[in-house]
Amino acid sequence: TDVLMLVHPKQLNEKLLFSIDQYALNGGKVIAFVDPHNESNPMATMAAGGPDGSDLAPLLEAWGIQYDSSQVLLDAKAGLDIRTQNGGVTRHFGFVGLSTEELDREDITTANLEIINGASFGSLAQKADSKSEWLPLITSTDNADLLEVGIYAGSRDPDMLSAQYENENTSFVVAARVSGQSASAFDAIPEGLEQVEFKASTDNLNVMVVADTDLLADRFWVQQANFFGQTITTPFANNGDFVTNAVENFTARH
């Protein structure tokens, strides 16, 4: 396996978490997409659906990453304009388009991208005791705030979200590389896996974490049209390029 991509992982059992942990510690490359609220899950948009969050808490903590799964990013400056039910247009602070100023212009994964669209981003930070190398790839603007995910998921009114918004005058990291030193998330081999080897630490961690899964959904980056019976797709954001760049970059790195 050249690259392991995890998308919206939820309630992974101990054996699977251990396998991912050991894969990463033995030099495997991991790209993980986690999300406090997956807008693209049809059930999550229902009134009784509630937040649809994902998490990798034990592994993220071991990799030196602090991920806040309880709050959603609101960005007044990068919020996208959406069509309202009455035909008008309003800005949705939770639907965010992050442009060149918020993308790392030095890293090969994001250097040539123009815009990444997503929704209900979470936030990432480096743990204070982390010994790993921390490289933010995508951040919010500095006109951002965090809102409790339950409040966000229960709201169908973008204007209500803007009323909840309070400018923190800070930017939040929403995608980052983590490399170098890391300890295992486990103290010992889980029961039932005694025959496998156990690696307790590494100096060669190679992980990318993105705090959103909605950016993978077509509606945030590609437009579809019917052309003489064929479906033609036209990208209007660089979400697909970002994923392709990340996978190709990790495949090439040794």
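These lines cover the structure that appears in this document, whether it is placed above or below.

What counts and what doesn't
Residues numbered from 1 in each chain as written. Predicted model: local features only at pLDDT ≥ 70, side-chain atom pairs only at ≥ 80, totals over all residues. Heavy atoms only, no water. Helix = DSSP H or I, 4+ residues; strand = E, 2+ residues; numbered from the N terminus. Buried < 20%, exposed > 50% of the residue type's maximum accessible area, 1.4 Å probe, protein only. Lys, Arg positive; Asp, Glu negative; His and termini not counted. Salt bridge = Lys/Arg side-chain N within 4 Å of Asp/Glu carboxyl O. Contact = heavy atoms within 4.5 Å. Pairing = 2+ DSSP bridges. Axes fitted to C-alpha atoms, helices over the stretch in contact; angles between N-to-C directions. Right-handed = clockwise from strand over helix to strand, strands pointing away. Phe/Tyr/Trp six-rings, centres within 6.5 Å; stacked < 30°, edge-to-face > 60°.

The next thing to look at is the side chain of Asp35. Residue placement: Asp35 occurs in the loop between strand E2 (29–33) and helix H2 (57–62). Summary of buried charges: Asp35 has no salt-bridge partner, and the nearest side chain of opposite charge, Arg219, is 9.5 Å away. Look past the residues within four positions of Asp35 in its chain and what remains in contact with it is His8, Asp52, Gly53, Ser54, Tyr67, Ala119, Ser120, Asp212, Thr213 and Asp214.

So, on to the sheet that holds strand E5 (residues 79–83). If you trace the three strands from one edge of the open sheet to the other, you get E5-E6-E7, paired in antiparallel fashion. Each edge of the sheet is formed by a strand with only one pairing partner; in this case those strands are E5 and strand E7 (115–119). Taken pair by pair, the neighbouring strands of this sheet meet at an average axis angle of 45°, ignoring direction.

Our next topic: the pairing of strand E1 (residues 3–7). Sheet topology places E1 next to E2; five bridges connect them, and they run parallel. Residue pairing for E2: Val3 is matched across the bridge by Lys29. In this fold, the crossover linking E1 to E2 by way of helix H1 (residues 14–25) has right-handed handedness.

Summed over all chains, the structure comprises five aromatic pairs. Geometrically, the ring pair formed by Phe95 and Phe220 is edge-to-face, given 5.5 Å between the ring centres and 75° between the ring planes. Of this pair, Phe95 sits in strand E6 (residues 89–99) while Phe220 sits in the loop between strand E12 (201–210) and strand E13 (222–227), placing them 125 residues apart in sequence. The burial state of Phe95 is the same as that of Phe220; both residues are buried. Three or more aromatic residues link up through ring pairs in this structure, and these residues are Phe18, Phe186 and Phe198.

According to the stated counting rule, one finds three salt bridges in the structure shown. Between Asp52 and Lys10 there is a salt bridge, with its nearest N and O atoms 2.8 Å apart. With Asp52 in the loop between E2 and H2 and Lys10 in the loop between E1 and H1, this pair connects stretches of sequence that are 42 residues apart. Residue classification places Lys10 among the partly exposed positions, given a relative accessible area of 40%.

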